[in-house]
Every structure is written in C-alpha cells, then in structure tokens.
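# Overview (structure and organization)
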Amino acid sequence: MSLFTAEHLHKRFGDQVVLEDVSLAFESGAVSGIMGPNGAGKSTCFNVLTGLHRPDRGRVTFDGEDITGLAPDEIARRGVSRSFQIMTLFDEFTALENILVALPEVRRGLGRPFWQPRADAEAIEEAREVLAQVGLEGRAGTPAAALPYGERRALEIAVALAARPRIVFLDEPTQGLGTEGRARLSALIRELRHRYTLVIIEHDMGFLFGLADRISVIHWGQVIAEGTPGALRAKDRVRAAGPGRTP
Amino acid sequence: MTGPPILDVRGLTKVYRRGWLSPQETFRLEAEFTIADPGVVGVLGPNGSGKTTLFELITGSNRPSAGQVLCCGQDVHRVKYRERDRLAIHYHQSYQVRRFAKRLPSACLQRARSDFPMVHLFDEPQFSTQDGYIGFMLDFFRALRARGRLVILCVHPNEAFQVRILREICEGYIFVKDGRLRRAPSFEALLEDPAAVAYLGALAKA
C-alpha cells in the first residue's frame, strides 16, 4: 500500500479549474517527482496534499487514514512536512535556532514567547544532528540571513526535517540555484532518500530525472504522463529529436 | 464510426453590435462544419479573427446569436451549465476555464449525456522549446485521440517550430479570418488559400 495517496482530486478557483481528477500515489522510501510547466498546477497540488487548500472533491490519505480537509498543522503533526517555494526562515535566528523552533518538543513548549525557545541540551543535540544531515553542522551559529543562498535552501530542508516527518514534500528546491548549487542539492537529496520518503516538485526535468523513482507530469490541472524516469525520457523525444520531428 | 458526429456546428452565428439606439455591427462570426471522428484539428488565424469566440461558442461559455453546436448529438447550449464540461472543455494556456453565459435557470436545461468531455479545445497552449514539455503535451493529445476524443488546437504561430508541431500532430485545419472559417484537410491544402499563406508569411515554408 502506498504511504500517501491522492484520489480523484478536483480543485477550482473561480472559473479556473486547477486540478481535475488528479490521482497520485507515493511509495514509502521512494523519491517521487511531480513536474510540469510553470503555472500548470504543481504548487496548488502540493497545497491540497498538505492541507493548505481543501479539495472540492477527492480524497487524500496518509498511512491508510483519510486526512482530507484536516488543518495543515494537524496534517503536519501526523508526520507530513513540507518546504515552500518561497523561503520561510527566521532571518535573524541562527541556523541552529531555526531548527530548534521547528523541533516538535520545542514547539509544544507553551507559555513562553516563541522567540525565546528554552532549549535543553537534548534538543540542541538533536538540532545539531538535523543540521549535520544537510551538511550545515559548521554553520550552527550563523544567522540565517548571513548564509549563502544554497545553504539557506539546505536550511529550509533541515527545518522540514526537524519535525521528524515520515514524508517530506519539497516545493521547487532548485529555485534560484545555479549549476553548482543544484549538484550539491542533488547530492543532499541522494543522502536523505535513505532516511525519508520524499516528494519533489520541479520545473526542471533534468534534476528530477536523475533523482526520482517515479514521476508524474502535471499540465492543465491533470496528470498528463506518469512513469519511471527511463520510461518518461523515452517519451521526451523533443530534447533528443528537436521539435516537430518524429524519431 | 456510427452514431452522431463528435462535433456538429450548424448555422452558428455570433454578432456583436455597438450602440443602443442604432446598433452598428462590429463583428460577425459564422461557422458551419462537421467533424465526425476523433482526431486532432489545428485552428489558425490572425488575432481578432474569431478563434476564441468560436471556442467559447463550442464550450457554451458564450451564447450564439443563432445556430447550434451539437456535441455527440447533444446541443451544448441546452445542457446544464455545470455539466457542459462533460461535452467540451476549454483549456486556456496552462489551466482550464469554466465560465458560462447563463440565461435560463439550470433546472430548465438538460443533463449531459456524456460522463467525460468529448471535445478538448486548447487555446494557445504554451509550447516552449526551453523546458522540454512539448513531447508530453503532444503525447497527451494523441492519448486523448486514442480514447475517441476530438482535440482542437488553437495556435498563433510565431516561430517555425510551432508550425512543425502543428504539421506533426494535426490531421486537419480550420483557418479563421474576419469571422469566416475555411477547412483544409492537410497543411498543403491550407497553403492553397492565399489568405492563409499571407497570414503564415515566411512560416508557410517551415
């Protein structure tokens, strides 16, 4: 059984249909990719999967349970973590503090202002470990604002991991990264895939082709193609043959 | 194929007028054609020639001044608004549009006789050579056709590769100019029309 599924999702905003009958399944331990041209409905799809938007019709399940329509924090508590296309770090906090505030027990510590996380040694130890997972152990004391762009993206992923998720959704992680940053991110994801179930949205095909076990192509709010990178690459004749020529 | 044609456009007319006391006709679209079988048809024509109006009339988002649009034998304009997308869908760029010209209450209209769309109209799909998605898009059109659907592609070609895409995928063409339609069974036949050649310009040789 798949760890996370979406069944016949429909979503419209006004007179625009952004998801029509979208069904997806993400296997435990796999890296799943969602790709499509800009504006094709990828991020909306993520938002529906992680509870930010409620689907008009259809069902989302996680670990066999129906999570359709649950609040995003409730879905997150069950072990579904996500990053955003736009950065969501606390700039003035250090890398370590950004992780600390995302740790479940620190988040649960009520009664204190959120900007004074009273972290004990155990939590700090765990936060360091999470930073190490994304290769930022040497940056623990650096304010997020002072990190180079690629490391900020890595820190974002670390924040998603701090919640001890069972599945992690990454929304356009290569956004804004150069060739070198991409290569580093790709190596990082290769590391993480041994520990987490990952779902990655990407516009850039090359990146996903090298990483994902299965890819769904979304366009016009529908899944227009689906398969392993190998099978999809065979269909992606355009790159090889040039447009308009049949191989 | 037996049964009614997938798309049957009969005496379809849309007239736009301006002015109240003595209205002046500003635009007139006239269409009459039948497409019996599944396929991929390209629609070409200058901006303002009536391509989008034609699409709106086929999906039922715009009301004709006269005439009928029959999709598998059922008049689209007599179908309940929320069920019209089971006959024809309008895709604009990268999303789908559902907007209907409502006149009668839905209760006075018929149920759709189909459970899924039979006609898929793609209005200016964004073909970009940069991202490599064209192959998937063309395969999707072919998959729809294989499932017995009619795919209508409206493209306003600016570059040679867009014409090559049309020539690869389309089995027939409709050229729209000044609100009038001309059908051509092939690209070569399309080029017998001087107006189409003038519109395509250098791209006619692509």
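Being a predicted model, the structure only gives us computed values, none of them experimental.

The next point concerns the interface of chain B and chain A. Contacts between the two partners involve 28 residues from chain B, matched on the other side by 31 residues from chain A. For the chain B and chain A pair, buried surface summed over both sides reaches about 2,500 Å², with 58% attributable to carbon and sulfur atoms. The tally of links between chain B and chain A comes to zero salt bridges. Those elements that place two or more of their residues in the side of chain B that touches chain A are β6 (88-92), β7 (95-97), α2 (134-146) and α3 (160-169) of chain B. Counting residues per element, the side of chain B that touches chain A draws most heavily on α2 of chain B, which supplies nine residues. Counted by class, the side of chain B that touches chain A contains 15 nonpolar, six polar and seven charged residues. As paired strands, strand β2 (residues 16-26) of chain A and β7 of chain B are joined by two bridges and run antiparallel to one another. Residue pairing for β7 of chain B: Q16 of chain A is matched across the bridge by V97 of chain B.

Our focus in this paragraph is helix α6 (residues 149-162) of chain A. Residue and element names in this part refer to chain A. In this model, α6 (14 residues) spans 20 Å end to end at C-alpha, consistent with the 20 Å of a helix rising 1.5 Å per residue. Most of α6 is tucked away: 11 of the 14 residues are buried. Immediately beyond the C-terminal end of α6, within one or two residues, lies R164, with a positive phi of roughly 50 degrees.

Below, the discussion takes up the pairing of strand β2 (residues 24-35) of chain B. All names here are of chain B. Where strand β1 (residues 7-18) lies against β2, 10 bridges are found, and the strand directions are antiparallel. Across the sheet, the residue bridging to V9 is F33, located in β2. What sits between β1 and β2 in their antiparallel hairpin is a turn of five residues, with G19 showing a positive phi close to 100 degrees.

What follows is about the sheet that holds strand β7 (residues 167-171) of chain A. Two strands in a sheet stick together by hydrogen bonds in their backbones, pointing the same way (parallel) or opposite ways (antiparallel). Residues and elements named next belong to chain A. The sheet built from six strands is open, its strands ordered β6-β7-β8-β3-β9-β10 with mixed pairing. Pairing within the sheet leaves two strands with one partner each, and these edge strands are β6 (80-82) and β10 (222-227). Across the sheet, the mean angle from the axis of one strand to that of its neighbour is 20 degrees, orientation sign disregarded. Summarising the sheet, β6 and β7 pair through three bridges and their orientation is parallel. Note on β7: the bridge partner recorded for V80 is I167. Contacts between helix α1 (residues 42-49) and the sheet are confined to β3 (31-35), β6, β7, β8 (197-202) and β9 (214-219), with β8 contributing the most and set at about 150 degrees to the helix.

Below, the discussion takes up the packing of aromatic side chains. Evaluation of the coordinates by the stated rule reveals 16 aromatic pairs over all chains. Considering the side-chain rings of F4 of chain A and F26 of chain A, the 6.0 Å spacing of their centres and the 35 degrees angle between planes classify their relative orientation as tilted. Of this pair, F4 of chain A sits in strand β1 (residues 4-13) while F26 of chain A sits in strand β2, placing them 22 residues apart in sequence. For F4 of chain A, a relative accessible area of 0% gives the class buried. Look at Y173 of chain B and F187 of chain B: their rings are 5.6 Å apart centre to centre, the planes differ by 70 degrees, and that puts the pair in the edge-to-face class. With Y173 of chain B in strand β10 (residues 172-177) and F187 of chain B in helix α4 (residues 187-190), this pair connects stretches of sequence that are 14 residues apart. F187 of chain B matches Y173 of chain B in its accessibility class, with the two residues each being buried. Among the aromatic side chains, those forming a connected cluster through ring pairs are F4, F26, F46, F62 and F169 of chain A.

Conventions adopted
Residues numbered from 1 in each chain as written. Chains lettered and ligands numbered in written order. Predicted model: local features only at pLDDT ≥ 70, side-chain atom pairs only at ≥ 80, totals over all residues. Heavy atoms only, no water. Contact = heavy atoms within 4.5 Å. Buried area = accessible area lost by both parts, 1.4 Å probe. Salt bridge = Lys/Arg side-chain N within 4 Å of Asp/Glu carboxyl O. Helix = DSSP H or I, 4+ residues; strand = E, 2+ residues; numbered from the N terminus. Nonpolar A, V, L, I, M, F, W, Y, C, P; charged D, E, K, R; others polar. Pairing = 2+ DSSP bridges. Expected span 1.5 Å × (residues − 1). Buried < 20%, exposed > 50% of the residue type's maximum accessible area, 1.4 Å probe, protein only. Axes fitted to C-alpha atoms, helices over the stretch in contact; angles between N-to-C directions. Phe/Tyr/Trp six-rings, centres within 6.5 Å; stacked < 30°, edge-to-face > 60°.

Just distances and angles here, no functional claims.
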